[in-house]
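One-letter residues, chain by chain:
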Amino acid sequence: MELLYLETVDSTNKYAKEYIKELSDKTVVYTYNQTSGRGRLERKWNYMGEDNIYASIVLKPSSEMKEVYSNLTQLLCVVLAEVMEEYNPISPPKIKWPNDIRINGKKISGILAEGVNNGKHFDGLVLGFGVNLNVSKDVLDKIDQPATSLNIEAGECIDKDVFLKKVLERFCLLYNRFIEEGFLLIREDYKKRAEFLNKEVAVKVFDKIYKGIAEDVTSNGALVLKSEEDKKQILYIGDIL
Ligand code: BTN
């Protein structure tokens, strides 16, 4: 993996997408000063200070898009949760489908995957992730959604470079097998950490809301919802409200 450190940048995802042609496969673009971070569904990703992670992995697995690439966010999600667990937070990190990580219902990390196409050619994928590693309670309280940070959950300061190295090493270790075997490789590890399973949830898919019991996660990472009428719905994208 090649590391590309930028002293300051509007968004590591935006930068990686813009320069994807020049960047080699598995380059990690990262900064400690991201001025205009972006989240899923046109949301913003708040800047929480320089002791946190703002990074994007450039991946160029082939010249055409394959279904399994859309599950890479779930691989990264499991890897992030595993590394967080090494720091022994009082409560374990949990996954909110498809790829948010929360501790005690408070968000600690988010992932934004973006594909880059040039006509029919698939240039690659940018897998951006932000992790709150060292944020004070005061700053967290000012955010418009419940959020936490690993230093608070683990009761110690977290070395951001060590954390990033652990994540990238673990991700690289699993990556090739994941491309071959798909979501099944991590399905059990993912489900073990899923906070939504067997609970009643409402899922927003574009402007529609689906309600039901989150029954399972399929072998390709989709969410199985069982509605009141016992109907099963399989959701591939969406946001649990
Ligand atoms: C989300 O939870 O909505 C996803 C947040 C992703 C944030 C990261 S921070 C690094 C990378 N650059 C961005 O602009 N966004 C991602």
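Let me sum up the structure you'll find in this document.

Reading the values: rules and limits
Residues numbered from 1 in each chain as written. Predicted model: local features only at pLDDT ≥ 70, side-chain atom pairs only at ≥ 80, totals over all residues. Heavy atoms only, no water. Near = heavy atom within 4 Å. Polar contact = N/O pair within 3.5 Å; in protein donor to acceptor, adjacent residues only side chain to side chain. Areas by Shrake-Rupley, 256 points an atom, 1.4 Å probe, with all protein chains shown as cover. Helix = DSSP H or I, 4+ residues; strand = E, 2+ residues; numbered from the N terminus. Nonpolar A, V, L, I, M, F, W, Y, C, P; charged D, E, K, R; others polar. Buried < 20%, exposed > 50% of the residue type's maximum accessible area, 1.4 Å probe, protein only. Pairing = 2+ DSSP bridges. Axes fitted to C-alpha atoms, helices over the stretch in contact; angles between N-to-C directions. Contact = heavy atoms within 4.5 Å. Salt bridge = Lys/Arg side-chain N within 4 Å of Asp/Glu carboxyl O. Phe/Tyr/Trp six-rings, centres within 6.5 Å; stacked < 30°, edge-to-face > 60°. Disulfide = S-S within 2.5 Å.

### A word on the site of the ligand
- Near the ligand, the surroundings consist of 20 residues, among which Ser-11, Thr-12, Arg-38, Arg-40 and Lys-107 are the closest.
- One of the backbone nitrogen or oxygen atoms of Arg-38 is found 2.7 Å away from a nitrogen atom of the ligand.
- Between the ligand and the protein, one listed contact pairs an oxygen atom with a side-chain N or O atom of Lys-107 at 2.6 Å.
- Expressed as a share of its isolated accessible area of 420 Å², the protein-covered part of the ligand is 99%.
- Elements represented by at least two residues in the shell around the ligand include exactly α1 (12-18), β3 (37-38), β5 (53-59), β8 (106-118) and β9 (121-131).
- Among the elements that take part in the shell around the ligand, β8 stands out by supplying four residues, more than any other.
- Classifying every residue of the shell around the ligand by side-chain character gives six nonpolar, ten polar and four charged.

### Considering unusual backbone geometry
- Cis geometry is found at the peptide bond from Trp-97 to Pro-98, where omega equals 0 degrees.
- Following the sequence through the fold, Pro-98 ends up in the loop between β6 (94-96) and β7 (100-103).
- Phi at Lys-26 is positive, roughly 70 degrees, even though this residue is not glycine.
- Tracing the chain through its elements places Lys-26 in the loop between α1 and β2 (27-31).
- The exposure class of Lys-26 is partly exposed, given its relative accessible area of 21%.

### As for the sheet that holds β7
- Reading across from one edge, β1-β2-β5-β9-β8-β7-β6 is the order of the seven strands in this open sheet, with mixed pairing throughout. Each having just a single partner strand, β1 (2-6) and β6 make up the two edges of the open sheet. Along the sheet, successive strands turn relative to each other by an average axial angle of 20 degrees, direction set aside.
- Against the sheet, helix α5 (residues 160-181) engages β1, β2, β5 and β9, with an angle of about 25 degrees to β5.

### Side note on the pattern of salt bridges
- This model, assessed by the stated rule, comprises 21 salt bridges.
- Measuring nitrogen to oxygen at the nearest pair gives 3.3 Å for the salt bridge that ties Glu-114 to Arg-38. Of this pair, Glu-114 sits in strand β8 while Arg-38 sits in strand β3; the two residues are 76 residues apart in sequence, bridging distant segments of the chain.
- Taking relative accessible area as the criterion, Arg-38 reaches 35% and is therefore assigned partly exposed.
- The salt bridge partner of Glu-169 is Lys-165, with a shortest N-O separation of 3.5 Å. Of the two residues, Glu-169 and Lys-165 are both situated in helix α5; the distance of four residues between them amounts to about one turn of the helix.
- On the basis of relative accessible area, Glu-169 is assigned to the partly exposed category, the value being 48%.
- Taken together, the shared-partner salt bridges in this structure form one network comprising Glu-215, Lys-226, Asp-230 and Lys-232.

### Notes on the packing of aromatic side chains
- Counted by the stated rule, this structure contains nine aromatic pairs.
- Relative to Phe-122, the ring of Tyr-69 has its centre 5.8 Å away and its plane inclined at 15 degrees; by these criteria the two rings are stacked. Placement of the pair is Tyr-69 in the loop between β5 and α2 (72-86) and Phe-122 in strand β9, with a sequence separation of 53 residues.
- Tyr-69 sits in the buried class, given a relative accessible area of 2%.
- Phe-122 sits in the buried class, given a relative accessible area of 2%.
- A network of ring pairs unites the aromatic residues Tyr-5, Tyr-30 and Tyr-32 as a single cluster.

### Digging into the environment of Lys-26
- Put simply, Lys-26 and Ile-53 are 27 residues apart on the chain and 17 Å apart in space, counted from C-alpha to C-alpha.
- Residues contacting Lys-26, with those up to four places away along its chain left out, are Met-1, Glu-2, Val-58, Leu-59, Cys-172, Tyr-175 and Asn-176.

### Thoughts on the state of the cysteines
- For the coordinates displayed, the defined rule picks out zero disulfides.
- Cys-172 provides the cysteine sulfur closest to Cys-77, a residue in no disulfide bond, and the two sulfurs are 18 Å apart.
- For Cys-77, a relative accessible area of 0% corresponds to the buried category.
- Relative accessible area serves as the criterion here: at 29%, Cys-172 is assigned to the partly exposed category.

### What about the side chain of Gln-74?
- Here Gln-74 shows up in helix α2.
- Overall, the relative accessible area of 3% leaves Gln-74 in the buried class.
- Of note is the side chain of Gln-74, whose polar atom sits 2.8 Å from the side chain of Asn-71.
- Each residue touching Gln-74, except ones within four places of it in the same chain, is listed here: Trp-97, Pro-98, Phe-183, Ile-186, Tyr-190 and Gly-221.

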